[in-house]
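# Understanding the architecture of this molecule
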Amino acid sequence: MYSPPLSSSSHDRCDSKARINNNTNSSQLRLYQIWQGRNRFYLGGRLVFGPDIRALFLTLFLILVPVALFCAFVSRGLINAFPHRLGYLIVAISLLFSVFIVVLLLLTSGTDPGIVPRNTNPPEPDEEFDTSSISTSCLGSQTGPLSLPPMKNVTVNGIVVKVKYCKTCMLYRPPRCSHCSICDNCIERFDHHCPWVGQCIGKRNYRYFFMFVSSTNLLSLYVFAFCWVNIKKIMEAHDCNFWSAFLKSPVSGILIIYTFVVSWFLGGLTAFHLYLILTNQTTYENYRYRYERKMNPFNLGCARNFKEIFCTSMPSSRINFRAQVKVDRSSSLNASSYLDGMTNTDMHKMNFDVEIGIRQAVDADECKEIDSRIRSIGAGLD
């Protein structure tokens, strides 16, 4: 029988229905919305925080509360003690310094520290690896493909460096890269995961971290020094000893003790990281490898090491978290809605298929019992 050809409008309707079905089964999402790490994203993926963002509020409290006490109580004595409005300048410097430190804290905590993109599939084994030299622990099953070696060698500045394979990200980590168990990401030039900022410290935010630590130490010394000045001015004005001056301005004494303890901690941390910068090490490398016992392949000299951290442009992020990705909804249908439309015969068939699948997975000792169950189900279907 002759059937007339479909008109162009019919083809258009078919194409439009296909597009509607494709749009229904898939949706456009941002990459940060389906990111597999434990990061928290804000402002549409523009800010990348760690999973423990609550630590950020504790750090802000420990910085801003002492500064607020200094401006509210200690500054009154400084304003009256110094002529030509010099006391106002002292207070203004402390406020501006605090704002600068808060900005550095947010940059440290809200910046991508250098997350390495994950692979969707494992990389192909390189030809230079001799599979006969791989231990049996690295081998797959007899029928499966050969697993990748846990390490491979790369050359950095003429020195051979071993890099590890990350099973989570399915890639060989670049040199100086490590997988953070807290954030669940591989981080370039991984230094450590800082609990005070709630973020990993890596290639893209180490500069901000060092500036934050050193600036906070300077602010602590600044408050410490002028609290002593305030006590000294009270002693001169009232011709009294230290304890009498302390009673007249107890906030000054409390801040002296607090900033003394904080300066010891932050001063030591600043000195340690300055040593790491001048020797081109990370905290993880210093703890793990101990480069003083062997050659550091990344050490370029003090001047070049310092320039690499502070005088180079910030590398761009390797991941665009705001990129749109297509997610297939058809694979995430609710099982109950699928089972509702099945007849009893279909249910029996599905049970039969499940039994077959179980049969393939169990040991040989259980096959006889499964065979009897399958025969009974097959008899019910007949």
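The shown structure was predicted, so the numbers you read here are calculated from the model rather than taken from an experiment.

This brings us to the packing of helix 2 (residues 54-81) against helix 3 (residues 86-110). Here helix 2 crosses helix 3 at 175°, and the two axes come no closer than 9 Å. As the angle between them shows, helix 2 and helix 3 are arranged roughly antiparallel. Across the interface between the two elements, Leu56, Thr59, Leu60, Ile63, Leu64, Val67, Phe70, Cys71, Ser75, Leu78 and Ile79 from helix 2 touch Gly87, Tyr88, Ile90, Val91, Ser94, Leu95, Ser98, Ile101, Val102, Leu105, Leu106 and Ser109 from helix 3. For the contact of helix 2 with helix 3, the residue count by class is 17 nonpolar, 6 polar and no charged.

What follows covers the confidence of the model for the protein chain. Per-residue pLDDT for the protein chain has a mean of 80; in total, 72% of the residues score no lower than 70. For the protein chain, helix 9 (residues 335-340) is the element with the lowest average pLDDT, namely 39, and strand 8 (residues 185-187) is the one with the highest, namely 97. Below pLDDT 50 for its whole length, residues 16-21 participates in 0 contacts with residues either more than four positions away or in separate chains. This stretch, residues 127-145, has a pLDDT under 50; its non-local contacts, to residues over four places away or in other chains, come to 12 contacts.

Residue placement: Thr111 occurs in the loop between helix 3 and strand 4 (151-156). Side-chain polar atoms of Thr111 contact the backbone oxygen of Leu107, separated by 2.4 Å. Not counting residues within four places of it along the chain, the set of residues in contact with Thr111 comprises Val48, Leu106, Gln199, Arg204, Asn205 and Tyr208.

Next up on the list: the pairing of strand 5 (residues 159-166). By the bridge criterion, 6 bridges tie strand 4 to strand 5 in an arrangement that is antiparallel. Within the sheet, the bridge partner assigned to Val154 lies in strand 5 and is Val161. Where strand 4 hands over to strand 5, the hairpin turn is made up of 2 residues, of which Asn157 adopts a positive phi near 55°. Pairing geometry for strand 5 and strand 6 (residues 171-172), over 2 bridges, is antiparallel. Opposite Cys166, over in strand 6, you have Leu171 as the bridge partner.

We now examine the environment of Trp196. Mapped onto the elements of the fold, Trp196 is located in the loop between strand 9 (192-194) and strand 10 (199-201). Considered as a pair, Trp196 and Leu105 are 91 residues apart in the sequence and their alpha carbons are 9.6 Å apart. Sequence-distant contacts of Trp196, that is, excluding residues within four places in its chain, are made with Ala55, Leu56, Leu58, Thr59, Leu62 and Phe265.

Another point: the sheet that holds strand 5. With respect to topology, 3 strands assemble into an open sheet ordered 4-5-6, the strand pairing being antiparallel. The open sheet has two free edges, formed respectively by strand 4 and strand 6, since each of these has just one partner strand.

Below, the discussion takes up the packing of helix 2 against helix 6 (residues 250-279). Their axes nearest at 10 Å, the elements helix 2 and helix 6 cross at an angle of 150°. In terms of their interaxial angle, helix 2 and helix 6 are classed as roughly antiparallel. Relative to helix 6, the crossing made by helix 2 is left-handed. Mapping the contact onto sequence places Leu62, Pro66, Leu69, Phe70, Phe73 and Val74 in helix 2 and Val251, Ser252, Leu255 and Tyr258 in helix 6. Taken together, the residues of the contact of helix 2 with helix 6 sort by class into 9 nonpolar, 1 polar and no charged.

This next bit is on the side chain of Arg176. Structurally, Arg176 can be placed in the loop between strand 6 and strand 7 (178-180). Not counting the four nearest positions on each side in its chain, Arg176 is found in contact with Ile187, Glu188, Arg189, Phe190, Asn280, Gln281, Thr282, Glu285 and Phe298.

Here the focus is unusual backbone geometry. Not every positive phi belongs to a glycine, and Leu43 is a case in point at roughly 55°. Checked against the element boundaries, Leu43 lands in the loop between strand 2 (40-42) and strand 3 (47-49). You can call Leu43 exposed: its relative accessible area is 59%. Phi is positive for Asp184, close to 60°, though the residue is something other than glycine. With respect to the helices, strands and loops of the structure, Asp184 is situated in the loop between strand 7 and strand 8.

What counts, and at which threshold
- Residues numbered from 1 in each chain as written.
- Predicted model: local features only at pLDDT ≥ 70, side-chain atom pairs only at ≥ 80, totals over all residues.
- Heavy atoms only, no water.
- Axes fitted to C-alpha atoms, helices over the stretch in contact; angles between N-to-C directions.
- Helix = DSSP H or I, 4+ residues; strand = E, 2+ residues; numbered from the N terminus.
- Parallel < 35°, antiparallel > 145°, perpendicular 65-115°, else oblique.
- Contact = heavy atoms within 4.5 Å.
- Nonpolar A, V, L, I, M, F, W, Y, C, P; charged D, E, K, R; others polar.
- pLDDT = per-residue confidence, 0-100.
- Polar contact = N/O pair within 3.5 Å; in protein donor to acceptor, adjacent residues only side chain to side chain.
- Pairing = 2+ DSSP bridges.
- Left-handed = near helix turned anticlockwise from the far one by under 90°.
- Buried < 20%, exposed > 50% of the residue type's maximum accessible area, 1.4 Å probe, protein only.

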